[in-house]
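Structural features, examined
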Amino acid sequence: MKLKNLKKLALTGNEAAAYAMKQINPDVVAAYPITPSTEIVQIFSKYVADGEVDTEFVPVESEHSAMSVCIGASAAGARVMTATASQGLALMHEMLYIASSLRLPIVMVVGNRALSAPINIHADHSDAMGSRDSGWMQMFCENPNEVYHTVIMAVKIAEKANLPCMVEMDGFITTHEMEMVETLDDKEVQEFVKKRIPLYSVLNVEEPITIGALDLFDYYFEHKRGQVEAVFKAKKIISEVVKEYNTKFGFNFPDFVEEYETEDAEICVVAMSSAAGTLKEAIDLKRESGIKIGLIRIKTFRPFPYEILRERLRKFKAVGVMDRAETMSTLGGPLSIEIKASLYPLDKKPVIQNFIFGLGGREFSLEDAFHVIEIIENIKKGKKYDDVLYIGIRE
Amino acid sequence: MKLKNWKELPEGAIIKNTPTSPEFKTGEWKTKEPYYHAEKCTHCLLCWLYCPDSVITVKNKKIDVFLLEYCKGCGICAKICPVNAIEMREVEL
Ligand code: SF4
Ligand code: SF4
């Protein structure tokens, strides 16, 4: 139930992200444009030029520099945001680890896109998966409306956890898809995100500190152990902040996973981002012909909600896991590998079938979704398939 | 010094109570160290200026003591001295 009449705006994923950033009014934004997330900073720079935000906007010469500026500003105590995609995220790679280990709550919107070569500007999760071990939180959104609200929640989650957070959406499919977005007032956003209370500030001359110092065999290990503990603790923070947001504004956004038609389901499909929309439609239609299938959409991929997945997936006979990325390990996609690892301690566990789909923006059609559901249904009945199946490919 | 466990460390690997450099004895790995011939020294202070580890101290505009526990034996002071008042000698290991 909605608590109030929210202002509805027709926005693309990029516009929704930029609009949320405007309402958050961060202290610093440093960015370098890259398809398909260019618009976010392009629109935001207009807000800066028109004096609609107080943000110090730093147009840099590369993504590596963008993240470096974000790190410096965040270490000074500023609220910092940026956006990137694909090669840009890859170029930031070394700085991502520095942001997370210095415990800087930078929020970055990512328009997920394939990595070269061959060069491709369309959606897949290869870029995000390259950052999955960087210590950043990663929240994947299904549509522009979710992007808008997640960007606002991510600021609070990141600043409470003192960890950086990526808010991700599928390139073009979501970044450029226009949809109705229910927006909050500027004041409501401000009241929700409040002021950042930093862990430390390098500008605090009363208490001078050193950050990022040389840390060898005597302390590096202890510092990493502390960092992983912070990621563990972030799980509770994510749940709390999402709950607070839902209660305050009358929404039902998932913290870690969204369940669709799982209650009486015998088989299940697991997916992230926009593919979940197609699968929901396919599930509705397949259920009419008696196939009892449900969907679990993973919203928060980092920290990985293995406890929830272990609990929710154990009851199914067969589970299909949709990966929009390859690991090139020959073991399948990253999501399926982590789900298999999550279920490993169970004595009785479902058969996990991995599907790789949509690389380089290859369309994931309703027919493809039907095909996936039929395969999972066949597995339930005992049919065997290759460990990894490629959906929507010309064989 | 007893090393702290991971729970005792500040978050973000920050270092408080800076500077901590005086605790870090950079002189532990040298093979040579300067021997100072005070009688030759003109107190031009070039060695003081050039020493990368602030080993050489000055008092009343004159060279005072060498804090050799910080000397890493680079030999810059000996090289820069215009009157050869500094001689690098092997350190007994
Ligand atoms: S040898 Fe190098 S470190 Fe030692 S006193 Fe001379 S200049 Fe300084
Ligand atoms: S450089 Fe030589 S002469 Fe000058 S102060 Fe040092 S030891 Fe003395």
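It should be emphasised that the depicted structure is a prediction, and the values quoted were computed from it without experimental measurement. (Residues numbered from 1 in each chain as written. Chains lettered and ligands numbered in written order. Predicted model: local features only at pLDDT ≥ 70, side-chain atom pairs only at ≥ 80, totals over all residues. Heavy atoms only, no water.)

**A look at the side chain of Lys30(B)**
Residues and elements named next belong to chain B.
- Of note, Lys-30 is situated in the segment before strand S1 (32-36).
- Looking at Lys-30, its side chain comes within polar contact range of the main-chain oxygen of Leu-68, at 2.5 Å.
- A polar atom in the side chain of Lys-30 sits 3.2 Å from the backbone oxygen of Cys-71.
- Once you skip the residues sitting within four places of it in the chain, Lys-30 turns out to touch Leu-68, Cys-71, Lys-72, Gly-73, Val-91 and Leu-93. (Helix = DSSP H or I, 4+ residues; strand = E, 2+ residues; numbered from the N terminus. Polar contact = N/O pair within 3.5 Å; in protein donor to acceptor, adjacent residues only side chain to side chain. Contact = heavy atoms within 4.5 Å.)

**A few points about the site of ligand 2**
- The immediate surroundings of ligand 2 are formed by 13 residues, with Cys41(B), Cys44(B), Leu45(B), Cys47(B) and Cys81(B) found nearest.
- When grouped by side-chain class, the residues that make up the shell around ligand 2 number 11 nonpolar, two polar and no charged. (Near = heavy atom within 4 Å. Nonpolar A, V, L, I, M, F, W, Y, C, P; charged D, E, K, R; others polar.)

**Topic: the site of ligand 1**
- Contacts to ligand 1 come from Pro34(B), Cys51(B), Pro52(B), Val55(B), Cys71(B), Lys72(B), Gly73(B), Cys74(B), Gly75(B), Ile76(B), Cys77(B) and Met88(B).
- Split into classes, the residues belonging to the shell around ligand 1 amount to nine nonpolar, two polar and one charged.

**Some thoughts on the nonpolar core**
All names here are of chain A.
- Core analysis: the biggest nonpolar cluster contains 77 residues, and Ile-152, Leu-313 and Ile-339 have the highest contact counts within it.
- Considering every element that reaches this core, the biggest residue donor is helix H7 (residues 144-161), with 10 residues.
- For this core, the two domains that each supply at least three residues are domain 1 (7-249) and domain 2 (257-391).
- In contact with Leu-313, other than residues within four places in its own chain, are Cys-268, Val-270, Ile-296, Val-319, Ile-339, Leu-343 and Pro-350. (Core = buried A, V, L, I, M, F, W, Y, C linked by side-chain atoms within 4.5 Å. Buried < 20%, exposed > 50% of the residue type's maximum accessible area, 1.4 Å probe, protein only. Domains from an automatic or database assignment.)

**What about the sheet that holds strand S15 (residues 388-391) of chain A?**
Residue and element names in this part refer to chain A.
- What the six strands build is an open sheet, ordered S9-S11-S10-S13-S14-S15; its pairing is mixed. Only two strands of the sheet have a single neighbouring strand rather than two, namely strand S9 (257-260) and S15. Strand after strand, the sheet turns through a mean of 25° between neighbouring axes, direction not considered.
- Pairing geometry for strand S13 (residues 318-323) and strand S14 (residues 351-357), over six bridges, is parallel. Bridge pairing links Asp-323 to Ile-356 in S14.
- Along the sheet, helix H12 (residues 334-343) contacts strand S10 (267-271), strand S11 (293-298), S13 and S14; its crossing angle with S13, the most-contacted strand, is approximately 145°. (Pairing = 2+ DSSP bridges. Axes fitted to C-alpha atoms, helices over the stretch in contact; angles between N-to-C directions.)

**Observations concerning the domain arrangement of chain A**
Residues and elements named next belong to chain A.
- Along its sequence, chain A is carved into domain 1 (7-249) and domain 2 (257-391).
- Each of domain 1 and domain 2 has a C-alpha centre, and these two points are 28 Å apart.
- Roughly 2100 Å² is buried in total at the junction of domain 1 and domain 2, and carbon and sulfur atoms are behind 54% of that figure.
- Where domain 1 meets domain 2, there are eight salt bridges.
- Here Glu-338 makes a salt bridge to Arg-132, at a shortest N to O gap of 3.3 Å.
- At the boundary of domain 1 and domain 2, one finds 19 residue pairs in polar contact (both at pLDDT 80 or more).
- Of all the elements in the fold, those that place two or more residues in the side of domain 1 that touches domain 2 are helix H6 (126-130), strand S6 (137-140), H7 and helix H9 (220-249).
- Top contributing element to the side of domain 1 that touches domain 2 by residue count: H9, with five residues. (Buried area = accessible area lost by both parts, 1.4 Å probe. Salt bridge = Lys/Arg side-chain N within 4 Å of Asp/Glu carboxyl O.)

**Brief notes about a nonpolar patch on the surface**
All names here are of chain B.
- A surface patch of nonpolar side chains, about 470 Å² in accessible area, is lined by Trp-48, Leu-49, Tyr-50, Val-58 and Ile-76.
- Considering every element that reaches the nonpolar patch, the biggest residue donor is helix H1 (residues 46-50), with three residues.
- By the element assignment, Ile-76 lies in helix H2 (residues 76-80).
- Look at Ile-76 and you get partly exposed, because its relative accessible area is 33%. (Patch = residues over 30% accessible without salt bridge, like charges linked within 9 Å, V, L, I, M, F, W, Y side chains within 5 Å. Areas by Shrake-Rupley, 256 points an atom, 1.4 Å probe, with all protein chains shown as cover.)

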